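Fold and geometry: a report
So the chains spell out like this:
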Amino acid sequence: MEIKRNFYLQQLIDSQDNGLVKIITGIRRCGKSYLLNDIFVNYLKKKKVKDSHIVKIDFDSPVNKKYYEPAVLYNYLKSLIKDKNKYYFLLDEIQLVKEFESVLNGLLRIRNTDIYVTGSNSKFLSSDVITEFRGRGDEIRIYPLSFSEMSSVYKDINLAWEDYYTYGGLPSVVLEKKQEKKINYLKYQANNVYLNDVIERNNLKHQEVLTTLTKIISSNIGSLTNPKKLANTFKSKNILASDKTIALYLGYLENAFLIEKSKRYDIKGKKYINTPLKYYFTDIGIRNCLLNFSQQEETHLMENIIYNELLIRGFNVDIGVVEYNTKKDNKNIKKQLEIDFVCIKGNNKYYIQSAFAIPDEEKMKQETTPLLKVNDAFKKIVIVKNSIKMWKNEYGVLIMDIQDFLLNPNSLDL
């Protein structure tokens, strides 16, 4: 079975021949290589690009280690250019090449080249490529399969949802039919690929700190925390780790695209609150695997999935903080309410609450009060697990089912 990734293919097509290095980033095993070397290559071939003008190199493969030396690689790639027609260079895991920036710079100077590279960590992107290719790099961020992409290979949408919030969206997991093999694949990737990659890349000596940190973050997705609070949790487990060390390790996990952080934003004050933060996992299956699938609270998993979907759709996503004044015993008191997600893209803004269920008026009031305290004209939405038709309450808040939200890329505008 082939899972179409038309959303990302279109981004590659739109960026084609723009004179920039197309930098495809994302967590390992999320489908970057398949997108580039199979889906995009098939597109080029349909457009009658000759095989000799499509150059693919996977630097993860041992046979290509000889090209880790920049001069060797550059001379080889240049030798393949035989005419003035366009050549497409697809360079997978380019960060493994020494001084790869010089190679890409050299290729950029050749007019009939179009360059695509992949990388599996944001440090490679931010500290190397963006600095070296300021104004000449075009990042395309790839995520694990969205629910819409994943469910395309399922006949039963409810089974698709159960599998999605349990095993996540890594393509190899989705395409595996047996549960045992899904679990074994996730365990192998979590321990032998993702965590080992972080340890080796950053020369970490205290592996216990990293593994404990990932389990703590896994147990508390969507909860407010900070390095100091986490250091206290480590202390309760009789593990010594300073808040500075924990802050570094959190950065390493972010750089590997394993986790994402969301900052708190004071909506009325229009300013960020630096701490505490919330952390979410890029792939919910990896999160569940790190906990041996022991904590399956669908309400928290749903919140993480909504967060990921908003990132996939290109939104900047913050936690909303709404301050308001109230009176108690004839005294003015300041209170704070929280909105799960404040989503901004261009001139569009949405306020979203994730609520597993709204069984009564009290719960409805709890979820909608923070939204109504904002008191502006932007759309306010509550996403629920219940299988319901979309409807608006008396205050204009849209109540939407999670599957309706995930399956329709334009669901927020309905």
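In this report, the structure presented in the accompanying data block is examined.

Rules used throughout
- Residues numbered from 1 in each chain as written.
- Predicted model: local features only at pLDDT ≥ 70, side-chain atom pairs only at ≥ 80, totals over all residues.
- Heavy atoms only, no water.
- Salt bridge = Lys/Arg side-chain N within 4 Å of Asp/Glu carboxyl O.
- Helix = DSSP H or I, 4+ residues; strand = E, 2+ residues; numbered from the N terminus.
- Buried < 20%, exposed > 50% of the residue type's maximum accessible area, 1.4 Å probe, protein only.
- Pairing = 2+ DSSP bridges.
- Axes fitted to C-alpha atoms, helices over the stretch in contact; angles between N-to-C directions.
- Contact = heavy atoms within 4.5 Å.
- Parallel < 35°, antiparallel > 145°, perpendicular 65-115°, else oblique.
- Nonpolar A, V, L, I, M, F, W, Y, C, P; charged D, E, K, R; others polar.
- Patch = residues over 30% accessible without salt bridge, like charges linked within 9 Å, V, L, I, M, F, W, Y side chains within 5 Å.
- Areas by Shrake-Rupley, 256 points an atom, 1.4 Å probe, with all protein chains shown as cover.
- Lys, Arg positive; Asp, Glu negative; His and termini not counted.
- Charge placed at Lys NZ, Arg CZ, Asp CG, Glu CD.
- Phe/Tyr/Trp six-rings, centres within 6.5 Å; stacked < 30°, edge-to-face > 60°.
- Polar contact = N/O pair within 3.5 Å; in protein donor to acceptor, adjacent residues only side chain to side chain.

Pairing is possible between side chains that carry opposite charge, provided their charged atoms lie close to one another. This structure, assessed with the given rule, holds 16 salt bridges. In this structure, Arg28 engages Asp60 in a salt bridge whose closest nitrogen and oxygen atoms are separated by 3.4 Å. With a gap of 32 residues between them, Arg28 in the loop between strand E1 (21-25) and helix H2 (32-46) and Asp60 in the loop between strand E2 (54-58) and helix H3 (70-79) connect regions that are remote in the sequence. Judged by relative accessible area, which is 40%, Asp60 ranks as partly exposed. One salt bridge connects Glu303 with Lys278, and the closest N-O pair in it is separated by 3.8 Å. With Glu303 in helix H14 (residues 298-312) and Lys278 in strand E7 (residues 271-281), this residue pair connects regions lying 25 residues apart in the sequence.

All right, on to the sheet that holds strand E3 (residues 87-92) then. Adjacent strands of a sheet pair through backbone hydrogen bonds, lying either parallel or antiparallel. Spatial strand order, E2-E3-E4-E1-E5: five strands in an open sheet with parallel pairing. Both edges of this open sheet fall to E2 and strand E5 (137-141), since each of them pairs with a single strand only. Going from strand to strand, the sheet's axes swing by 15° on average, the running direction of each strand aside. By the bridge criterion, five bridges tie E3 to strand E4 (residues 113-119) in an arrangement that is parallel. Residue pairing for E4: Leu91 is matched across the bridge by Val117. Against the sheet, helix H1 (residues 6-15) engages E1, E4 and E5, with an angle of about 170° to E5. On top of the sheet, H3 reaches E2 and E3; it is set at about 155° to E2, its chief contact.

Interaxial distance between helix H7 (residues 157-167) and H14 falls to 10 Å at its minimum, and their mutual angle equals 85°. Of the possible angle classes, the one that applies to H7 and H14 is roughly perpendicular. Listed contacts from H14 to Trp161, Tyr164 and Tyr165 of H7 are Glu298, Leu301, Met302 and Ile305. Of the residues belonging to the contact of H7 with H14, the class tally is six nonpolar, no polar and one charged.

Considering the arrangement of structural elements, one finds Ser15 in helix H1. According to the relative accessible area criterion, Ser15 is buried, its value standing at 7%. Excluding anything up to four places from it in sequence, Ser15 contacts Lys22, Asp138 and Ile140.

So, on to a negative patch on the surface. Taken together, the side chains of Asp360, Glu361, Glu362 and Glu394 make up a negatively charged region of the molecular surface. Secondary-structure assignment places Glu394 in the loop between strand E12 (391-392) and strand E13 (398-401).

Moving on to the packing of aromatic side chains. Using the criterion set out here, one finds 14 aromatic pairs in the structure. Summarising the aromatic geometry, the rings of Tyr67 and Tyr76 are spaced 4.7 Å apart at their centres and angled 25° between planes, so their arrangement reads as stacked. Relative accessible area serves as the criterion here: at 11%, Tyr67 is assigned to the buried category. On the basis of relative accessible area, Tyr76 is assigned to the partly exposed category, the value being 31%. Between the aromatic rings of Tyr280 and Phe341, the centroid separation amounts to 6.1 Å while the plane-to-plane angle is 50°, which identifies the pairing as tilted.

The topology assignment puts Asp283 in the loop between E7 and helix H13 (284-290). Notably, Asp283 is buried but unbridged: the nearest opposite-charge side chain belongs to Arg5, and the N-O separation is 9.3 Å. Side-chain polar atoms of Asp283 contact the backbone nitrogen of Gly285, separated by 3.1 Å. In terms of polar contacts, Asp283 uses its side chain to reach the backbone amide nitrogen of Ile286, at 3.0 Å. Contact partners of Asp283, with chain neighbours within four places excluded, come to Pro144, Tyr167, Gly168, Gly169, Leu170 and Leu186.

Note that the residue after Thr275, namely Pro276, is joined by a cis bond; omega there is -5°. Relative to the helices and strands, Pro276 resides in strand E7. The phi dihedral of Arg29 falls on the positive side, at around 70°, and the residue is not glycine. Of note, Arg29 is situated in the loop between E1 and H2. Judged by its relative accessible area of 37%, Arg29 is partly exposed. You will see that Asn292, though not glycine, has its phi angle at about 55°, which is positive. In this fold, Asn292 is placed in the loop between H13 and H14. Assessed through its relative accessible area of 55%, Asn292 is described here as exposed.

As for its position among the elements, Glu208 is in helix H10 (residues 207-219). Residue Glu208 is classed as exposed on the basis of its relative accessible area, which comes to 52%. Once the C-alpha coordinates of Glu208 and Leu96 are considered, the two residues, 112 residues apart in sequence, prove to be 27 Å apart.

Time to look at the pairing of E7. Look at any regular strand and the pattern is simple: side chains alternate between the two faces of the sheet. Sheet topology places strand E6 (residues 259-266) next to E7; seven bridges connect them, and they run antiparallel. The residue of E7 that forms the bridge with Tyr265 is Tyr272. Joining the antiparallel neighbours E6 and E7 is a turn of four residues, in which Lys270 adopts a positive phi near 55°.

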